[in-house]
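# Working through the structure, step by step
Residues per chain, in single letters:
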Amino acid sequence: MTSKLLRSFFVAAVAVTALSVTACNKSPSAADQAAASASDAAAAAAAQAASASSSAAMASSSAADASAAAASTTPPANTTTTTTTSSTTTPNP
């Protein structure tokens, strides 16, 4: 999850950099095309970040479910659990 999130931020940073570089160019038509491309890349990065966030939420929910399942298998607070063991020894000749 962390690598996906970092990759999404990296893609967004590259998109912003491309947008700022194209804004400094003197050709307005090339700048418009680059700005549109950078905008599309930024939108894609935002979608990836949202997906990563959703995956993290689902993992957290699964962990909570597992914790609840583990808690339900423990005995109640005011009970006593007794374990009986037996051993057999054989004498040495």
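The shown structure was predicted, so the numbers you read here are calculated from the model rather than taken from an experiment.

## Re the overall build of the protein
Within the protein, the secondary structure is distributed over two helices and zero strands. With 93 residues in all, the protein has 9% of them scored as buried. Accessible surface for the protein amounts to roughly 7300 Å². Of this, 62% is attributable to carbon and sulfur atoms.

## Looking at helix α1 (residues 2–24)
Taking 1.5 Å per residue as the helical rise, α1 with its 23 residues ought to reach 33 Å, and the 33 Å between its terminal C-alpha atoms agrees with that figure. Where α1 is concerned, the buried positions are Ser8, Ala15 and Thr22.

## A few points about a nonpolar patch on the surface
Taken together, the side chains of Leu5, Leu6 and Phe9 present a nonpolar region at the surface, about 300 Å² in accessible area. Along the chain, the position of leucine 6 falls in helix α1. In this structure leucine 6 comes out as exposed when scored by relative accessible area, which is 57%.

The rules we used
- Residues numbered from 1 in each chain as written.
- Predicted model: local features only at pLDDT ≥ 70, side-chain atom pairs only at ≥ 80, totals over all residues.
- Heavy atoms only, no water.
- Helix = DSSP H or I, 4+ residues; strand = E, 2+ residues; numbered from the N terminus.
- Buried < 20%, exposed > 50% of the residue type's maximum accessible area, 1.4 Å probe, protein only.
- Areas by Shrake-Rupley, 256 points an atom, 1.4 Å probe, with all protein chains shown as cover.
- Expected span 1.5 Å × (residues − 1).
- Patch = residues over 30% accessible without salt bridge, like charges linked within 9 Å, V, L, I, M, F, W, Y side chains within 5 Å.
- Salt bridge = Lys/Arg side-chain N within 4 Å of Asp/Glu carboxyl O.

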